[in-house]
Amino acid sequence: MFVFEVTGVEGECGEIRVQALDWSQSGPVSFTCTDNNLAILLLSECRCDAVGFFNLLAGCKPLYVEQWLGYLQESGRLAKVVCQQRSPAEADYLASAGLSNEELNALLGQIYRVAGFNRLQINRYLKHRHNPTLLATRYDQKELERYRQLNDVILTLLRLKHTQ
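Since the structure is predicted, the reported quantities are computational estimates derived from the model, not experimental observations.

### Considering the environment of Val51
Right, on to step 1. In this structure, Val51 sits in the loop between strand E4 (47-48) and strand E5 (52-53).
Right, on to step 2. Owing to a relative accessible area of 42%, Val51 belongs among the partly exposed residues under this scheme.
Right, on to step 3. Along the primary structure Val51 and Tyr64 are separated by 13 residues, whereas in three dimensions their C-alpha atoms are 8.1 Å apart.

Have a look at this one:
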């Protein structure tokens, strides 16, 4: 999960969360903001070099959000942008993603075991996910697909949690 914390020029705050394992993977977006004007700025005419204009709330790639927020900061409309990448291997990851239910946490732990993931593998992948060249040389397409499927499982758990 990518968490973008934004501070406006007048001190207002906002947060954009993209549920994705790497920069190039699309995922659902959650958005919170303390000020209407900052919310309008962040959600209006979002654009990036990769695709031009995009709809932030419809779900997008963290790469798009980073480029959009970087543009706003360079143009002086944002005071500060901080990006944190949360790892599924972190103990409080599911709670921060909105899954605090112990049964769902246990289910994800079982999925890790069944799929053959361990914390070291996940941490190694997450460490290298910023570098597409390294990913292409270290992981074959089949292994990259396994990690993306893991992200899909987490997204499914999120959807199940929100329907309860």
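### A look at the packing of aromatic side chains
What describes a pair of aromatic rings is the distance from one ring centre to the other and the angle between the planes of the rings.
Right, on to step 1. A complete count under the given rule lists four aromatic pairs for this structure.
Right, on to step 2. Centroid distance Trp68 to Tyr71: 5.8 Å. Interplanar angle 20 degrees. Geometry classified as stacked. In this pair, Trp68 and Tyr71 both sit in helix H2 (residues 62-74), three residues apart, roughly one turn of the helix.
Right, on to step 3. Tyr71 gets classed as partly exposed once you look at its relative accessible area, which sits at 31%.
Right, on to step 4. A connected cluster of aromatic rings, assembled from ring pairs, spans Phe2, Phe4 and Trp23.

### What to know about helix H1 (residues 36-43)
Right, on to step 1. When we look at burial in H1, the residues that qualify are Leu38, Ala39, Leu41 and Leu42. Projection of H1 onto a plane perpendicular to its axis shows the buried side chains occupying an angular sector of 160 degrees, all on one side. Residues of H1 that are exposed and point over 90 degrees away from its buried face: Asn36, Asn37 and Ile40.
Right, on to step 2. The inward-facing, buried residues of H1 abut strand E1 (2-8), strand E2 (13-18), strand E3 (29-33), H2 and strand E6 (78-85).
Right, on to step 3. Its side-chain oxygen at 3.1 Å from the backbone nitrogen of Asn37, Asp35 defines the N-terminal cap of H1.
Right, on to step 4. A positive phi of about 50 degrees marks Glu45, the residue just after H1.

### A few points about the pattern of salt bridges
Right, on to step 1. The tally for this structure, following the rule as stated, stands at two salt bridges.
Right, on to step 2. Close ionic contact of Glu143 with Arg146 constitutes a salt bridge, the shortest N to O distance being 4.0 Å. Of this pair, Glu143 and Arg146 both sit in helix H7 (residues 141-163), three residues apart, roughly one helical turn.
Right, on to step 3. Here Glu143 falls in the partly exposed class, since its relative accessible area comes to 24%.

### A word on the environment of Cys13
Right, on to step 1. With respect to the helices and strands, Cys13 occurs in strand E2.
Right, on to step 2. With 19 residues separating them along the chain, Cys13 and Thr32 place their C-alpha atoms 8.5 Å apart.
Right, on to step 3. For Cys13, the contacting residues outside a window of four places in its chain are Val6, Cys33, Thr34 and Leu38.

### Thoughts on H2
Right, on to step 1. Taking 1.5 Å of rise per residue, the 13 residues of H2 would be expected to cover 18 Å, and the 18 Å separating its terminal C-alpha atoms lies within 8% of that figure.
Right, on to step 2. Within H2, burial applies to Pro62, Tyr64, Val65, Trp68, Leu69 and Leu72. Along the long axis of H2, the arc covered by the buried residues comes to 155 degrees, so they all point the same way.
Right, on to step 3. Among the structural elements, E1, E2, H1, E4 and E6 are those in contact with the buried residues of H2.

About the cut-offs
- Residues numbered from 1 in each chain as written.
- Predicted model: local features only at pLDDT ≥ 70, side-chain atom pairs only at ≥ 80, totals over all residues.
- Heavy atoms only, no water.
- Helix = DSSP H or I, 4+ residues; strand = E, 2+ residues; numbered from the N terminus.
- Buried < 20%, exposed > 50% of the residue type's maximum accessible area, 1.4 Å probe, protein only.
- Phe/Tyr/Trp six-rings, centres within 6.5 Å; stacked < 30°, edge-to-face > 60°.
- Arc of directions from axis to C-beta.
- Contact = heavy atoms within 4.5 Å.
- Polar contact = N/O pair within 3.5 Å; in protein donor to acceptor, adjacent residues only side chain to side chain.
- Salt bridge = Lys/Arg side-chain N within 4 Å of Asp/Glu carboxyl O.
- Expected span 1.5 Å × (residues − 1).

Purely spatial values, then, with no claim about function.
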